[in-house]
Amino acid sequence: MKKILLLIVVALVACVACTKSLPARMNRLADKIVENADKYTQEEWNKMASEFDTLLNEYKENYDSFTEEERSEINRAMGKFAKAATVHGVTQVSKSLGAFMSGFSGKVDNFFDQLSGFLE
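This structure is a prediction, so every number in the text was calculated from the model and none was measured.

## Side note on the overall build of the protein
The number of helices and strands found in the protein is four helices and zero strands. In the protein, the succession of α and β elements from N to C terminus is α-α-α-α. Taken over 120 residues, the protein has a buried fraction of 22%. In the protein, the share of contacts with a sequence separation of at least 24, taken over all contacts with a separation of at least 6, comes to 69%. About 8,900 Å² of surface is accessible on the protein, with carbon and sulfur atoms providing 64% of the total.

Next comes the structure, spelled out in structure tokens:
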């Protein structure tokens, strides 16, 4: 009986310690993402986003156990992540549009060359 009670106490302490360190873990991950954002492949971005999403779910599940200060720290980490993800997304769209436009401009030039040949 004492062993079971001890295991329950250890589990509860571990759970409380885990939720209390969540702001620090989110900040470390957000800082890591910001620092390496321009180096990540799409697969690495997906992995980082998944890790951050896991921490967000933990935050949602334990929301009431955090102080206002901890919530503010978590919100700052969320903001850092959101900014890095937005910059990454815009960069990806820009690259895609650039590739599309470079291929498209050659086709437009070809169209006008053929059109001018037809009109001559």
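## A look at the pattern of salt bridges
Under the criterion given, the structure shown has four salt bridges. In this structure, the salt-bridge partner of Lys-47 is Glu-51, at a minimum N-O distance of 3.8 Å. Placement of the pair is Lys-47 and Glu-51 together in helix α3 (residues 42–61), with a separation of four residues, close to one helical turn. By relative accessible area, which is 30% here, Glu-51 ends up partly exposed.

## A few points about the packing of helix α2 (residues 22–36) against α3
Across the interface, α2 lies against α3 with an axial gap of 11 Å and an inter-helix angle of 160°. On the basis of their axis angle, the class for α2 and α3 is roughly antiparallel. Considering how the two elements wind past one another, α2 and α3 form a crossing that is left-handed. When α2 is examined against α3, the residues Leu-22, Arg-25, Met-26, Leu-29, Ala-30, Lys-32 and Ile-33 are found in contact with a partner set consisting of Trp-45, Met-48, Glu-51, Phe-52, Leu-55, Leu-56, Glu-58 and Tyr-59.

## Observations concerning the confidence of the model for the protein
Caution is warranted with low-pLDDT regions, since their predicted coordinates should not be read in detail. Mean pLDDT over the protein works out to 80, with 65% of the residues at or above the 70 mark. Highest mean pLDDT in the protein belongs to α2 (96); lowest belongs to helix α1 (residues 2–20) (51). Confidence over residues 12–18 falls short of pLDDT 50; this stretch has two contacts with residues more than four positions distant or in other chains.

Rules behind the numbers
- Residues numbered from 1 in each chain as written.
- Predicted model: local features only at pLDDT ≥ 70, side-chain atom pairs only at ≥ 80, totals over all residues.
- Heavy atoms only, no water.
- Helix = DSSP H or I, 4+ residues; strand = E, 2+ residues; numbered from the N terminus.
- Buried < 20%, exposed > 50% of the residue type's maximum accessible area, 1.4 Å probe, protein only.
- Contact = heavy atoms within 4.5 Å.
- Areas by Shrake-Rupley, 256 points an atom, 1.4 Å probe, with all protein chains shown as cover.
- Salt bridge = Lys/Arg side-chain N within 4 Å of Asp/Glu carboxyl O.
- Axes fitted to C-alpha atoms, helices over the stretch in contact; angles between N-to-C directions.
- Parallel < 35°, antiparallel > 145°, perpendicular 65-115°, else oblique.
- Left-handed = near helix turned anticlockwise from the far one by under 90°.
- pLDDT = per-residue confidence, 0-100.

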